[in-house]
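# Chain and residue survey
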Amino acid sequence: MWDFSQKLGSKASSQVMFAKDSAGVISIIEPGRNRYYRTTADTLILIGSESPLEKRVYSKVKLSKRFPLEYGDSITGMYKCEGMYCGNHPFREIGTRTIKVDAVGSIVLAENDTVGNVKRVHTIDSYSVCMDIDSAALDTAKLTQVIEERYEWFLSDSQYPIIENITSTTYFNMDAIGTTKYAWCNLPDDKVARYINPSDDDTPDEPDNSFDVEPAAPDIIHYNVDSSGGVVTITYDLDADASIGTIVASHMGMVYSHREWTQKAGQGYSVQIDCNGLRSGMYILYINVNGKAYSEKVIL
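In what follows, the accompanying structure is described. None of the values given here were measured: they were computed from a predicted structure. (Residues numbered from 1 in each chain as written. Predicted model: local features only at pLDDT ≥ 70, side-chain atom pairs only at ≥ 80, totals over all residues. Heavy atoms only, no water.)

### Examining the overall build of the protein chain
- Along the protein chain, the regular secondary structure elements total one helix and 19 strands.
- Going through the 300 residues of the protein chain one by one, you find that 41% of them count as buried.
- Put simply, of all contacts in the protein chain between residues at least 6 apart along the chain, 52% involve residues at least 24 apart.
- Total accessible area on the protein chain is roughly 16500 Å²; 49% of this is exposed by carbon and sulfur atoms. (Helix = DSSP H or I, 4+ residues; strand = E, 2+ residues; numbered from the N terminus. Buried < 20%, exposed > 50% of the residue type's maximum accessible area, 1.4 Å probe, protein only. Contact = heavy atoms within 4.5 Å. Areas by Shrake-Rupley, 256 points an atom, 1.4 Å probe, with all protein chains shown as cover.)

### Let's talk about the pattern of salt bridges
- Applying the stated criterion to the full structure yields 11 salt bridges.
- For Lys 65, the salt bridge is made with Glu 152, and the minimal N-O distance between the two is 2.7 Å. Placement of Lys 65 in strand β6 (residues 54–66) and of Glu 152 in strand β10 (residues 143–154) is noted, with a sequence separation of 87 residues between them.
- Residue class for Lys 65 comes out buried when judged on its relative accessible area of 8%.
- Residue Asp 125 is joined to Arg 97 by a salt bridge in which the shortest nitrogen-to-oxygen separation is 2.6 Å. Taken together, the residues Asp 125 in strand β9 (residues 114–131) and Arg 97 in strand β8 (residues 89–108) connect sequence positions 28 residues apart.
- Each of Glu 54, Arg 56 and Glu 93 takes part in one network of salt bridges that share partners. (Salt bridge = Lys/Arg side-chain N within 4 Å of Asp/Glu carboxyl O.)

### Overview of the sheet that holds strand β17 (residues 266–274)
- Pairing in this open sheet of three strands is antiparallel, and the strands run β13-β14-β17 from one edge to the other. Looking at the sheet topology across the chains shown, the edges are occupied by β13 (221–228) and β17. Each strand axis lies, on average, 15° off the axis of its neighbour in the sheet, ignoring direction. (Pairing = 2+ DSSP bridges. Axes fitted to C-alpha atoms, helices over the stretch in contact; angles between N-to-C directions.)

### Focus: the pairing of strand β18 (residues 282–289)
- Within β18, seven of the eight residues are buried, which leaves it mostly tucked inside the rest of the structure.
- As judged from the six bridges shared by strand β15 (residues 242–249) and β18, these two strands associate in the antiparallel manner. Its bridge partner lying in β18, Ile 247 is registered against Tyr 286.
- Pairing analysis gives eight bridges linking β18 to strand β19 (residues 292–299), with the strands arranged antiparallel. By the bridge assignment for β19, Tyr 286 is matched with Ser 295.
- Where β18 folds back onto β19 in an antiparallel hairpin, the turn is made up of two residues, including Asn 290, whose phi is positive at roughly 50°.

### Describing the environment of Cys 185
- In this structure, Cys 185 sits in the loop between β12 (175–184) and α1 (189–193).
- Given a relative accessible area of 35%, Cys 185 falls into the partly exposed group.
- Once the C-alpha coordinates of Cys 185 and Gln 15 are considered, the two residues, 170 residues apart in sequence, prove to be 9.7 Å apart.
- With near-sequence residues (within four places) excluded, Cys 185 lies in contact with Pro 161 and Ile 162.

### Quick word on the nonpolar core
- By size, the foremost hydrophobic cluster in this structure holds 21 residues, and its most contacted members are Ile 234, Tyr 236 and Leu 285.
- Going through the elements one at a time, β13, β14 (231–238), β15, β17, β18 and β19 are the ones with two or more residues in this core.
- With residues up to four places along the chain from it excluded, the contact list for Ile 234 reads Tyr 223, Asn 224, Val 225, Thr 246, Tyr 269, Ser 270, Val 271, Ile 273, Leu 285 and Ile 287.
- Trp 2, Leu 109, Val 115 and Leu 155 belong to the second largest nonpolar core, which has 12 residues in total. (Core = buried A, V, L, I, M, F, W, Y, C linked by side-chain atoms within 4.5 Å.)

Nothing here speaks to function; it is geometry throughout.
So, in structure tokens, the structure goes:
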């Protein structure tokens, strides 16, 4: 049971429009931002977006949802986006998205009405973004790491979330800056009435998972880092299958090494990152595992 009764006060409102053109491209249009999607038989895929400040095109597309939403289903995929900020600053975004239908239950709305048979979708975007006035310099531009977590609650026959909660954390120079925002859909009364106060037989028996206290994602990696002779060695065990990314960067965010791979659960793994040729000094090793970021200082 998730209790939103104290969180859904109307502070601002806006209209969101959905459209599909003759080529099959789906547009989601809201104030200040348009997003563009294409579909397969069961998957919604983000291909681009634009706003007054920036335009994005995904050269390696970004998964959005897979329907129907079934409890326990999950998908993971890497994506790559290139765009332009303020018309003259090219940027690049490379990351991993993991989507899982991780809970089923009921929610309490602002008027203390209860909506049952709601599915929660948990999405983690873990990506690095770099920007430079010269597109040719993006490979050596300063890097910023971003982890974005999105929770969305769907009615059983809805393609769009009725409530969403988004938390974005940006990491730069070992510092973290986070923002959180909430949004909810003002459904017509007749649609809400179909879901209000369902019978006990219709409501799944799920453990309590309060919205106010989200459990921290478990550490599925157990690792040690050693640096010697210009080589960084990571030895690690995995409690679950994982998408892993590593970055070696300076304190100023200059990226010198970027690797990504997938790994099955197991023990005794190791990976070596050759940093020979770099100037002696302190660097930051970022390790990203299924969207959870770790960082270690290494001396080369």
